[in-house]
Amino acid sequence: MKNLMFALAFSAFLVGCGTTVPLSDVPVSDATANPVSGVAGANGGSGVNSSGVAPVDLGQSGSPANMSVAKRTVYFDYDSFVIKSEYQALISENARLIMGQAGRKVAIEGHTDETGGREYNLALGQKRAEAVAGALTVLGVSRNQVEAVSFGKEKPAVVGNDETAYSKNRRAEIRYQ
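Residues numbered from 1 in each chain as written. Predicted model: local features only at pLDDT ≥ 70, side-chain atom pairs only at ≥ 80, totals over all residues. Heavy atoms only, no water.

Draft legend 1. Layout of the overall build of the protein. A count of helical and extended segments in the protein gives four helices and four strands. Start at the N end of the protein and walk to the C end: the helices and strands fall as α-β-α-β-α-β-α-β. Long-range contacts, defined here as pairs at least 24 residues apart, represent 71% of the contacts in the protein between residues at least 6 apart. If you sum the accessible surface of the protein, you get close to 10,100 Å²; carbon and sulfur atoms cover 56% of it. (Helix = DSSP H or I, 4+ residues; strand = E, 2+ residues; numbered from the N terminus. Contact = heavy atoms within 4.5 Å. Areas by Shrake-Rupley, 256 points an atom, 1.4 Å probe, with all protein chains shown as cover.)

Draft legend 2. Quick look at the sheet that holds strand β2 (residues 106-111). As summarised here, the arrangement of the four strands in space is β1-β4-β2-β3, forming an open sheet in which the pairing is mixed. The open sheet has two edge strands, β1 (73-75) and β3 (146-152), and neither has a second partner. Neighbour to neighbour, the strand axes of the sheet diverge by 20 degrees on average, direction disregarded. The sheet contact formed by β2 and β3 spans six bridges and is parallel. Each residue of the ladder has a partner; that of glycine 110, found in β3, is serine 150. Across the face of the sheet, helix α2 (residues 88-99) comes into contact with β1, β2 and β4 (171-176) while running at roughly 20 degrees to β4. Together, β1, β2, β3 and β4 form the strand contacts of helix α3 (residues 118-138), whose direction differs from that of β3 by roughly 155 degrees. (Pairing = 2+ DSSP bridges. Axes fitted to C-alpha atoms, helices over the stretch in contact; angles between N-to-C directions.)

Draft legend 3. Molecular detail of the packing of aromatic side chains. All chains considered together, the criterion is met by one aromatic pair. Seen in terms of ring centroids, tyrosine 75 and tyrosine 87 are 6.4 Å apart; in terms of plane orientation they differ by 55 degrees. Their pairing is tilted. Within this pair, whereas tyrosine 75 is found in strand β1, its partner tyrosine 87 is found in the loop between β1 and α2, the two being separated by 12 residues in sequence. Classification of tyrosine 75 as partly exposed rests on a relative accessible area of 23%. Residue placement shows lysine 155 over the ring face of phenylalanine 151; its charged tip is 4.3 Å from the ring centre. The aromatic ring of tyrosine 75 is capped on one face by lysine 168, whose charged end is 5.2 Å from the ring centroid. (Phe/Tyr/Trp six-rings, centres within 6.5 Å; stacked < 30°, edge-to-face > 60°. Buried < 20%, exposed > 50% of the residue type's maximum accessible area, 1.4 Å probe, protein only. Lys NZ or Arg CZ within 6 Å of the ring centre and 35° of its normal.)

Draft legend 4. Geometry of α2. For α2, built from 12 residues, the straight-helix expectation of 16 Å at 1.5 Å per residue is met to within 8% by its first-to-last C-alpha distance of 16 Å. All of the buried residues along α2 are Leu90, Ile91, Ser92, Asn94, Ala95, Arg96, Leu97 and Ile98. (Expected span 1.5 Å × (residues − 1).)

What follows is the structure, encoded as structure tokens:
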């Protein structure tokens, strides 16, 4: 009887720790293909494809050392690792800089807010880092130049117990090495 009660209590604990968010699929699309024709570079010569995304130009000047942290940080919604469209330009700019220096390596650091368990937050932080790393590789960055790591809730950007602090901690940071 004691074993049955323990098994039921343990099962209830595991159910309580579950989530409905699948952590196995990282939504990344090929930004070089035209969404209408599916052909890379099919933009009628305008320099911008029909989705409004300009191709990466390696001739532009810029340096990661001159970039603010804001230009290297992608923020995520609660319990999500989906990159919002507002961060496409930021990722494109970083991809251009990384591709401009073939020897340059970057670490994508995934972070979460303090809600949830340690293991779950480490997994979610990893998925956030992998989502950004995947977006960079779709834009042409060599996978050998990118490393995805998770810090979970261990390195908060903002200390606090409110939604404002939590939203600043749900992020992936691009760290140039």
